[in-house]
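Overview (structure and organization)
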Amino acid sequence: MESKYNYFKRDISWLSFNYRVLLEALDERLPLYERINFISIYSSNLEEFYKIRVADHKAVASGATESDEETVQSARELVEEINKEVTRQLDDRVRIYEQKILPALRKNHIIFYQDNHVEPFHQQFVKDFFREEIFPYLQPVPVSKDKIVSFLRDNRLYLAIRVYPKKEEKNKGEEPKENIEKYTGECINERNDGEGIKVGMEAARPNVTDLRQPLYFVMKQPYAKVPRFIELPSREKNHYLMFTEDIIKANLNLIFPGYDVDSSYCIKISRDADILIDDTASSADLVAQLKKKVKKRKIGDVCRFVYDRAMPSEFLDFLVDAFRIQRDELVPGDKHLNLEDLRHLPNPNKSLHSLEKPKPMKLTVLDEKESIFNYVAKKDLLLYYPYHSFEHFIHFLYEAVHNPETREIMVTQYRVAENSAVINTLIAAAQNGKKVTVFVELKARFDEENNLATAEMMQAAGIKIIYSIPGLKVHAKVALIRRRGLNGEKIPSYAYISTGNFNEKTATLYADCGLFTCRKEIVADLYNLFRTLQGKEDPKFTTLLVARFNLIPELNRLIDREISLADEGKQGRIILKMNALQDPTMIDRLYEASEHGVQIDLIVRGICCLIPGQSYSRNIRVTRIVDSFLEHARIWYFGNDGTPKVFMGSPDWMRRNLYRRIEAITPVLAPDLRDNLIEMLDIQLADNQKACWVDDKLQNIFKKRTPGTPTVRAQYTFYDWLNKTNS
């Protein structure tokens, strides 16, 4: 039965979020290099989006795969809509970069050359730097429509070059063989150059009947050997930067003597990075599949061909034919591609200050002498990352290692840092004679290899490893310390439920929450969850909400309660903070609650398929916050007639989270901690610096500060509030 409600398209909504990231580059209140970094984040996000989401749609559009959610035609139309929106956003990115960022750099005495034309006092330096540092690593490869099978590597920047043989006064009818042989170098003997490109002498020859026929080459930029950005000698108070590709462009005549260099443009290809594995496979088969398939990620099907939009149409047509590009894979770009590299842009002007981000604080009640075990045995503890130090969690594990009553440590692993202190501590526990069980989710996208390598290292240290469950992902972020007295008596065990991964790197970048508790009902539920992950029983949960078990029924009950209150003339109130809201069934429940008068605030960072501003959503407001840290916590508030119920945990309201993953959510039962989370939600809703309304056209409408009201920048205001209460 067709729903009476409407929804935003998931991927178009995501593009709205990514555009909001780009808008941070316009905020002149931010330090300049912070603004530049947001252009980098925007570009990196978009790259991954094409490799995963667009690649999936293209596979459906081509008939290569089937989908229950879209037809071939709807997939084609969506890819077209995505490319159209991305092209529109690119116009704004170019405008922001050229009209805002570059002038701001110049104002701060940083001259960033944007083409191959440089000041006379730098021309010799550029030529010398090219000869000495770049030229040895360049390898132009001829391109032909018919005689070369070419393969461009994923996300690598290439220079596409068009040249013409020089006209010679003598022997006009002869082919300039000497130049061709000299400057195609190794190409004379057919070989494979490591890029998967077959090259032969015949392909490099121009048409013998017309010496002015163009020749085309591609040349991979040598960023493994040379930085993307080069600092040139300063002059007076000015500093100078230049793209490496612009230095190459300025010296193309040295690479192609005997030719007239007509033009050159940057190109890149994005390839399908999704890994299709048999979800029903056993753990051993899954490991074998991943080891084999993850290595093929770089040679997936093309999902995007990005080119400098200044490229002439006949040049582009030649490349499209030569590289067998489909027209719906074409995405126009700017002169400089791969702007995710801007995060590495040198800052030669040391007077430019950096953003003073909140620094992780340690709780005074948990100084180095205080046992977290002793504290949590008395009362629950809630940490807020990155405002609180992740070292507290490391210390928690460290105590478990050295506590003689610890019998077992159980942890889920989704994404961990390289050289992880968490993993090292677990290994130390195993070596100290503790039983350690770790559930490793191998299907965490882009972390498959790291997770597999980490799992094998832990296994070698004596840790019991449980791999992915067939057909499911385990996304719960939980840990359990099981204890028993030395004489066999029962003593408190400890549970930890988090909204974020056990990753000390992302714990300084992502805004998350983690709850420590000794409450018997939560400890028992968490133990049942780990037994479920080991395939030992079909559990019943009394307190925890676990996706695929009791989560959906409880959410429906909580929403029904607020609807009933509103129908009675009381206040129905819901606040939901999450990364993404996409599941139509749960969106329908929110629409229904709105129609009954329940007041609903959504704080959704990324995808939000719920459309505000409709007759059936008139009581729903959608807030988006983008700031220094990535908002990652999932916190749900239900008013419950003045006795609020507050939950925190790992899932978003996406179909995959609610129905195809194992997720864990805990109620926050300690009144003081519950009130603290409510305070955080109130601060975020009051944000008038970095918060936007998302309207019914997916526009990001910045919230304005009402005259006479305080300035609220949620992340910084909440940090200050935590600092004042840290006693």
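Residues numbered from 1 in each chain as written. Predicted model: local features only at pLDDT ≥ 70, side-chain atom pairs only at ≥ 80, totals over all residues. Heavy atoms only, no water.

1. Re helix α10 (residues 313-322)
- All buried positions along α10 are accounted for by Phe315, Leu316, Phe318, Leu319, Val320 and Ala322.
- Where the residues of α10 are buried, they touch β2 (141-143), β3 (158-165), β6 (215-220), β9 (259-271), β10 (302-308) and β11 (330-333).
- Phi turns positive one or two residues past the end of α10, at Arg324, with a value near 55 degrees. (Buried < 20%, exposed > 50% of the residue type's maximum accessible area, 1.4 Å probe, protein only. Helix = DSSP H or I, 4+ residues; strand = E, 2+ residues; numbered from the N terminus. Contact = heavy atoms within 4.5 Å.)

2. Some remarks on empty space enclosed by the protein
- All told, the structure shown has 4 cavities of 30 Å³ or more when counted by the stated rule.
- In this structure, the largest cavity encloses a volume near 240 Å³.
- Lining the largest cavity are 19 residues, with Ser43, Leu46, Arg93, Arg304 and Val306 positioned closest to its centre.
- Listed by contribution, the elements that provide at least two residues to the lining of the largest cavity are α2 (32-61), α3 (72-107), β10 and β11.
- Ranked by residue count, the leading element in the lining of the largest cavity is α2, at 4 residues. (1 Å grid on protein atoms, 1.4 Å probe; cavity = no way out; pocket = protein on both sides within 12 Å on 5 of 7 lines; lining within 4 Å. Points joined across faces, edges and corners; volume = space filled by probe spheres on them.)

3. Looking at the confidence of the model for the chain
- Summary statistics for the chain give a mean pLDDT of 88 and a share of 88% for residues scoring 70 or more.
- In this model, residues 171-210 is a region of pLDDT below 50 whose contacts with residues beyond four sequence positions or in other chains number 70 contacts. (pLDDT = per-residue confidence, 0-100.)

4. Let's talk about the environment of Lys697
- Looking at the secondary structure, you find Lys697 in the loop between β29 (691-694) and β30 (700-702).
- A C-alpha to C-alpha distance of 9.0 Å links Lys697 and Pro612, two positions 85 residues apart in sequence.

5. Some points on the layout of surface pockets
- The volume enclosed by the second largest pocket comes to roughly 480 Å³.
- Residue lining of the second largest pocket: 13 residues in total, with Arg483, Lys490, Ile491, Ser493 and Val523 positioned closest to the centre.
- Elements with a contribution of two residues or more to the lining of the second largest pocket: β17 (477-483) and α15 (520-533).
- Ranked by residue count, the leading element in the lining of the second largest pocket is α15, at 4 residues.
- Its residues placed into classes, the lining of the second largest pocket shows 6 nonpolar, 1 polar and 6 charged. (Nonpolar A, V, L, I, M, F, W, Y, C, P; charged D, E, K, R; others polar.)

6. A few points about the pattern of salt bridges
- With the rule as written, the count across this model stands at 45 salt bridges.
- The residue Lys690 makes a salt bridge to Glu24 at a minimum N-O spacing of 2.7 Å. Of this pair, Lys690 sits in the loop between α19 (671-686) and β29 while Glu24 sits in the loop between α1 (10-23) and α2, placing them 666 residues apart in sequence.
- By relative accessible area, Glu24 is classed as buried at 2%.
- Between Asp92 and Arg88 there is a salt bridge; the shortest N-O distance is 3.5 Å. Here Asp92 pairs with Arg88, and both are found in helix α3, just 4 residues apart, close to one helical turn.
- Each of Arg20, Glu24, Asp27, Arg29 and Lys690 takes part in one network of salt bridges that share partners. (Salt bridge = Lys/Arg side-chain N within 4 Å of Asp/Glu carboxyl O.)

7. Focus on helix α17 (residues 584-595)
- The end-to-end C-alpha separation of α17 is 16 Å, in line with the 16 Å expected for 12 residues at 1.5 Å each.
- Residues of α17 that are buried include every one of Met586, Ile587, Arg589, Leu590, Tyr591, Ala593 and Ser594, and no others.
- Buried residues along α17 sit in contact with α16 (551-567), β21 (573-578), β22 (599-604), β23 (620-625) and α18 (655-659).
- Gly597 lies just past α17 and shows a positive phi near 95 degrees. (Expected span 1.5 Å × (residues − 1).)

8. Section: the side chain of Gln689
- Mapped onto the elements of the fold, Gln689 is located in the loop between α19 and β29.
- Judged by relative accessible area, Gln689 falls into the buried class, the value being 17%.
- In this structure Gln689 touches Arg29, Thr711, Val712 and Arg713, once residues within four positions along its chain are discounted.

9. Digging into the packing of aromatic side chains
- Counted under the stated rule, the structure contains 39 aromatic pairs.
- An angle of 65 degrees between the planes, with centres 4.9 Å apart, marks the rings of Tyr5 and Tyr616 as edge-to-face. Here Tyr616 lies in the loop between β22 and β23 and Tyr5 lies in the segment before α1, a separation of 611 residues in the sequence. Each member of the pair Tyr5 and Tyr616 is classed as buried.
- Taking 4.8 Å as the distance between ring centres and 20 degrees as the angle between the ring planes, the aromatic pair formed by Phe112 and Phe243 counts as stacked. (Phe/Tyr/Trp six-rings, centres within 6.5 Å; stacked < 30°, edge-to-face > 60°.)

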